[in-house]
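# Reading the structure
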Amino acid sequence: MKEYDRMQKILDIQDDSVFLWGARQVGKSTLVKKLFPDAKVYDLLKSDEYSRLLRKPQLLREELISYDETKIVIIDEIQKIPSLLDEVHWLIVNRGIRFILCGSSARKLKRVGTNLLGGRALPVMLFPFVSAEISDFNLFRAINNGMIPRHYMVQNPQKRLEAYIGVYLKEEIQDEAVVRQLSSFNRFLDVAAQCDGEMINYTNIAQDCGVSATTIKEYFNILEQTLIGYMIPAFTLSKKRRAITTKKFYYFDVGVVNYLLNRSNLQPGSIDFGHAFEHFMIQEIVAYLSYYEKREKLSYWRTANGYEVDAIIGDARVAIEFKSSEEVQSKHTKGLKAFEEDFPDARKIIVSLDCNKRILNGIEVIPALEFLQMLWNGDII
């Protein structure tokens, strides 16, 4: 199998223990074993390992009390046995051992009252593949398949996506017993996909799912805490125009949205391709900001009279629109030109399928692949 050089290097482990969070199958186990081949590994997906440590968590301390403190210990799927964190805590404090604690959700740990080591382990994230990790990156495959490694690498990911969604429902929702009505949550997953990249209206979604708006808010919290989705806040610093304050929701991977919406073979020129194109670009920016520990937040801008910009970086330092058009027209610049009236110093960019980079109405039009290269080279943010 082809190897990929991931952007996440877990450099914090040089001085501290870390929690490595990421959705299922983004490659956490593969990454840590590649980066730290000499580390001692406890894999809680192995039934025998899980059973003995669940029965007697202190075995971890007994086995590591004489361990070489210059070496690293990896515990995979740490959320399966929250009580192990007490032993980890003791070993960090008393033996100076550095741990990499991998998991797909801090929700279960928090739900049982675990203190997440009181700040003694730093949180780092692993996302699905990003374009900079793939030497022969194919934009159209990414938009159709998504960037979960097992899905991106195959021609037709549908069966793998079907299994992935099923595993998520079973292991992340049923096993944690956080949803009483799994059928309504299953319906919610589909409705949330229809809202992907859109402003969230809890009341309307509640009516579609047959539950209360309060329940819908909790469902979205579950998606965020299990790393299946995230919210993008609204940019509200506008002075001349009243800005909408509602958040937008995105699933963590565009391939998951494609499967839930039963859309495939997306081609430029279609509305569905346009939605997926925007989602994928947001996905890349979210990962970039995390991997390079940028302190500038990502938001979007929309006014009460309908002007919108897809991505705002920081306090209006960069404003970006995503258009899956093969030739951007003046009409596509309206949102950015309106934003410019409030923030004339903002760098304004339209990312598109244009063949060549150009300037239109004072706005940079950048082809998608060139934009991605610039992003990961640090030339955008």
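Above this note sits the structure.
Everything numeric in this text was worked out from a predicted model, so none of it was measured.

## Considerations on the side chain of Ser-131
As for its placement among the helices and strands, Ser-131 is situated in the loop between strand E5 (121–125) and helix H6 (139–145). Reaching out from Ser-131, the side chain makes a polar contact with the side chain of Glu-284 at a distance of 2.7 Å. Aside from chain neighbours lying at most four places away, what touches Ser-131 is Phe-137, Met-147, Glu-284, Leu-372 and Trp-376.

## Digging into the sheet that holds strand E9 (residues 308–313)
Taking strand neighbours across the sheet as the criterion, the 6 strands line up as E8-E9-E10-E11-E13-E12 in an open arrangement whose pairing is mixed. Whereas interior strands pair on both sides, the edge strands pair on one side only; in this sheet they are strand E8 (298–302) and strand E12 (358–360). The sheet shows a mean angle of 35 degrees between the axes of neighbouring strands, taken without regard to direction. As defined by bridge partners, strand E11 (residues 347–352) adjoins strand E13 (residues 363–367) across 4 bridges and the pair is classed as parallel. What sits directly across from Ile-349, in E13, is Glu-364. Seen against the sheet, helix H13 (residues 271–291) touches E8, E9, strand E10 (318–322) and E11 and runs at an angle of roughly 150 degrees to E10.

## Side note on the pattern of salt bridges
For the coordinates displayed, the defined rule picks out 15 salt bridges. Between Glu-296 and Arg-317 there is a salt bridge, with its nearest N and O atoms 2.7 Å apart. Of the two residues, Glu-296 sits in the loop between H13 and E8 while Arg-317 sits in the loop between E9 and E10, which places them 21 residues apart along the sequence. The exposure class of Glu-296 is partly exposed, given its relative accessible area of 24%. Accessibility expressed as a relative area gives 39% for Arg-317, which makes it partly exposed. Via salt bridges that share partners, Glu-49, Arg-52 and Glu-63 belong to a single interconnected network.

## Describing the pairing of E13
E13 sits mainly inside the fold: 5 of its 5 residues count as buried. The alternating pattern of E13 places Ile-363, Val-365 and Pro-367 on one face and Glu-364 and Ile-366 on the opposite face, and all of these are buried. Pairing of E12 with E13, which is carried by 3 bridges, proceeds in the antiparallel orientation. Residue pairing for E13: Arg-358 is matched across the bridge by Val-365. Counting the residues between successive antiparallel strands, the hairpin from E12 to E13 contains 2 residues, one of them, Asn-361, with a positive phi of roughly 55 degrees.

The rules we used
- Residues numbered from 1 in each chain as written.
- Predicted model: local features only at pLDDT ≥ 70, side-chain atom pairs only at ≥ 80, totals over all residues.
- Heavy atoms only, no water.
- Helix = DSSP H or I, 4+ residues; strand = E, 2+ residues; numbered from the N terminus.
- Polar contact = N/O pair within 3.5 Å; in protein donor to acceptor, adjacent residues only side chain to side chain.
- Contact = heavy atoms within 4.5 Å.
- Pairing = 2+ DSSP bridges.
- Axes fitted to C-alpha atoms, helices over the stretch in contact; angles between N-to-C directions.
- Salt bridge = Lys/Arg side-chain N within 4 Å of Asp/Glu carboxyl O.
- Buried < 20%, exposed > 50% of the residue type's maximum accessible area, 1.4 Å probe, protein only.

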